[in-house]
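# Chains, contacts and geometry: an overview
Each chain, written out:
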Amino acid sequence: MQNLMKKHSISFELAQKMVDAAVAKAREIGVSENVVILDDGGNLKAFGRMDGAPLPTIEMAQNKAYTALLGVSTQEFFNFIKRDPSLLAGVPTLSRIAAWGGGFPITVNGEVVGAIGVSGAPAVQNDIDVARAALALVSDAARGAKSS
């Protein structure tokens, strides 16, 4: 039917595996994190809050993931808006938008199927590293889906 479109979204199983991979990486580097996986529509798909992760960073992780649904990492988003004073002043006033590292789109074959947001560590680079560890599963999952 021409009034409908087909879309793809991250599965619960992959989302949970990503949370587990992120938590494992956070433990490895000695930080406590909140890890959020959203589906392509911005709905919560999986979540993990490590013991000791600061409460306010739950919302920050959700906002990073939501922002990443734009199709770019939150660090790339910040690098884009920082060059324009009007964007730099206006974007932070938008609810659910985060312009600091730790949020990434989850893409398969160029299509955004979800997003990850990580927050809680003392350094943004920790958030980025933990998120990237989880994202490594996506390319493996995409390869597995092609061979099935």
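Residues numbered from 1 in each chain as written. Predicted model: local features only at pLDDT ≥ 70, side-chain atom pairs only at ≥ 80, totals over all residues. Heavy atoms only, no water.

### Observations regarding the nonpolar core
- Core analysis: the biggest nonpolar cluster contains 25 residues, and Ile10, Met18, Val35, Ile37, Ile106, Ile116 and Leu135 have the highest contact counts within it.
- Of all the secondary structure elements, the ones that give two or more residues to this core are α1 (12–29), β1 (34–39), β3 (103–108), β4 (111–119) and α5 (124–147).
- Top element by residues in this core is α1. It accounts for seven residues.
- Leave out the neighbours within four places in its chain, and Ile106 touches Ile10, Met18, Ile37, Glu111, Val112, Val113, Gly114, Ala115, Ile116, Leu135 and Val138.
- Core analysis: the next-biggest nonpolar cluster, separate from the first, contains seven residues, Ala61, Ala65, Ala68 and Leu69 among them. (Core = buried A, V, L, I, M, F, W, Y, C linked by side-chain atoms within 4.5 Å. Buried < 20%, exposed > 50% of the residue type's maximum accessible area, 1.4 Å probe, protein only. Helix = DSSP H or I, 4+ residues; strand = E, 2+ residues; numbered from the N terminus. Contact = heavy atoms within 4.5 Å.)

### What to know about the pairing of β1
- Burial within β1 is extensive, with six of its six residues counted as buried.
- Relative to strand β2 (residues 44–49), β1 runs antiparallel, the two being bridged by five bridges. Looking across to β2, one finds that Val35 is bridged to Gly48.
- The turn linking β1 back onto β2 is made up of four residues, and Gly42 within it adopts a positive phi angle of 85°.
- The pairing of β1 with β4 spans six bridges and is antiparallel. Bridging across to β4, Ile37 finds its partner in Ile116. (Pairing = 2+ DSSP bridges.)

### So, the environment of Ser86
- Relative to the assigned elements, Ser86 resides in helix α4 (residues 85–90).
- The class of Ser86 is exposed, set by a relative accessible area of 52%.

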